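Structural overview
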Amino acid sequence: MPSIELRGDAAAAPAEGGSDASVSPTVLAAAKNMFSHMPLTDRFGFLLAQGSPVPKPSAVDVRHEKTRLRKWTKSYRRALLEPPHDVRVLSRRERKRLAWRVSKGVPEPLRGRVWAVVGGGLEQAAARAHLYRELLARSEEPGALPKGAGEQIDLDLKRTHPDHYMFSVGVHASGDGADGGGASSGGASSGGGESSWAHNQPEGVRLMRRLLRAYAVLDPEIGYCQAQNFVAGALLMYAAEEDAFWLFVSLMWACNTRHMYTPTLSLLSESMDQLATQLKRLSPKLAKHLEAHGLHPSLYAASWFLSVGFDGSLPFELSLRCLDLLFHERSLLPLFQVSIALLLRNRDALLATSDTGALMQATRALTARAVGDDVEGFVRYARKLKVKLPSEFS
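What counts, and at which threshold
- Residue positions are given per chain, counted from 1 along the sequence in the order it is written.
- Thresholds applied to this predicted model are a pLDDT of at least 70 for local features of residues and 80 or more for the giving and counting of side-chain atom pairs; totals over whole chains, interfaces and linings are not thresholded and use all residues.
- Neither water nor hydrogens contribute to the side-chain values; these are computed over all heavy atoms in the structure.
- pLDDT expresses how confident the predictor is about each individual residue, on a scale running from 0 to 100.
- Each helix is a run of H or I in the DSSP string that is no shorter than four residues. Each strand is a run of E no shorter than two, and both are numbered from the N terminus.
- Every residue pair with non-hydrogen atoms within 4.5 Å of one another is taken to be in contact.
- With a 1.4 Å probe rolled over the protein chains alone, any residue whose accessible area is under 20% of its type maximum counts as buried; one over 50% counts as exposed, and the rest are partly exposed.
- Picture the helix axis, draw a direction to every C-beta atom, and the arc is the one those directions span.
- Between 30 and 60 degrees the pair is tilted, below 30 it is stacked and above 60 it is edge-to-face, where a pair is any two Phe, Tyr or Trp rings, Trp via its six-membered ring, whose centres lie within 6.5 Å.
- Take a side-chain nitrogen of Lys or Arg and a carboxyl oxygen of Asp or Glu: if they are within 4 Å of each other, that pair is a salt bridge.

Structural notes on the confidence of the model for the protein chain
The pLDDT averaged across the protein chain works out to 85; a share of 82% of its residues lies at or above 70. By mean pLDDT, helix α1 (residues 25–36) is the weakest element of the protein chain at 53, and helix α10 (residues 228–236) is the strongest at 98. The low-confidence segment residues 1–22, where pLDDT is below 50, has 51 contacts with residues more than four positions distant or belonging to other chains.

Quick notes on helix α13 (residues 284–292)
The set of residues buried in α13 consists of L286, A287, H289 and L290. For α13, the angular spread of the buried residues around the axis is 160°, confining them to a single face. Seen from the open side of α13, the exposed residues pointing more than 90 degrees away from its buried face are P284, K285, K288, E291 and A292. Those residues of α13 hidden inside the fold are in contact with α12 (266–282), α16 (333–344), α17 (347–351) and α18 (356–363).

Concerning the packing of aromatic side chains
Counted according to the given criterion, the structure contains 12 aromatic pairs. Here the aromatic rings of W72 and Y76 are separated by 5.6 Å at their centres, their planes lie at 65°, and the arrangement is edge-to-face. Placement of the pair is W72 and Y76 together in helix α2 (residues 59–81), with a separation of 4 residues, close to one helical turn. Among the aromatic residues, those joined into a cluster by ring pairs are F44, F46, F310 and F316.

What about the pattern of salt bridges?
Within this structure, the stated rule accounts for 20 salt bridges. Note that E140 and R209 form a salt bridge whose closest N and O atoms lie 3.3 Å from each other. Taken together, the residues E140 in the loop between α6 (131–139) and α7 (149–157) and R209 in helix α9 (residues 203–218) connect sequence positions 69 residues apart. A residue is classified by how much of its surface remains accessible, and E140, at 26% relative accessible area, is partly exposed. Look at R209 and you get buried, because its relative accessible area is 4%. Among the ionic contacts, a cluster of salt bridges with common partners joins K104, R321, E376 and R380.

Concerning the environment of L40
When you line up the elements, L40 lands in the loop between α1 and α2. According to the relative accessible area criterion, L40 is partly exposed, its value standing at 45%. As a C-alpha pair, L40 and Q50 span 10 residues in sequence and 8.3 Å in three-dimensional space. Residues within four places of L40 in sequence aside, it is in contact with F46, L47, L48 and V54.

Next comes the structure, spelled out in structure tokens:
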């Protein structure tokens, strides 16, 4: 699993109370040599431009993150980090506290594990051991994938997170990447053949191809839909290959997003209509203004739902916070709250724009004004919105 203290800027922060004096000079020299050849990234693994300053966390931020991590591991070790890996062992009060903590963001080093437990991915993996390897083998058989799925997956791979080191520079197939992506803990990477094209790609691209092809075999009604690639890629940043697959399955089924990707995009269409309805209820004036200019939510909000914003339409950290909530609540409510919050925080600027073209541009650039550098404050604002959804969205 990724650790905020081992990536990009945070890698420079020494452990609390730690010192280089306790490390063998040979080991230290080898480590420095290894890191000197690694590309510079931000704390999420995205490449920094040549010559860019590496953002360094403040001592206050480092202490805060360590304190959060300590509280999580102390409070939820029994439920999340050790068998039985089940939040049902927690008391009602502890589960309520867990919901509050998830709403404030899961600590980086724990994200993959927390998603797997609260979203049901770990339970599914245990119930269907070896299935992933079987799906991988089948996915390379001629005609195994729904028509056109394999070709579309291959087309989308190279344009998925191209500025993240896993998908651009490449991590070797040993599975030793800093983000924890790589060969599955279940050994799934030995199953199924791969084309020579895929074999020569960065490791993140290879893993994403395998995951998406396996899911297309598992769920032929859906097969593959564009935008799933961005979600799958993000999951691979936080979990080993097979674990990421089951996270993807739980997101599709347990978290009620699967029908977003049907050939008719039925749930997406219904969600956009519902978003328009909720906006009318919470801000009738803004809803009327956008409607008068023909700006239905489907024109600006679809990617927030389809890709959870991982296509770049939302800040990466905000998309992660959405996933925290989606996995925990198994409901689309967080996406509705975030979408409406983006609009409401831009309400005055949108209402002041009378040109349709300029208004369209404004709806595609909502995050800078609404979120800025304060993701925590934005999420807190979004979660307070009283959005009441019909049962089919939760």
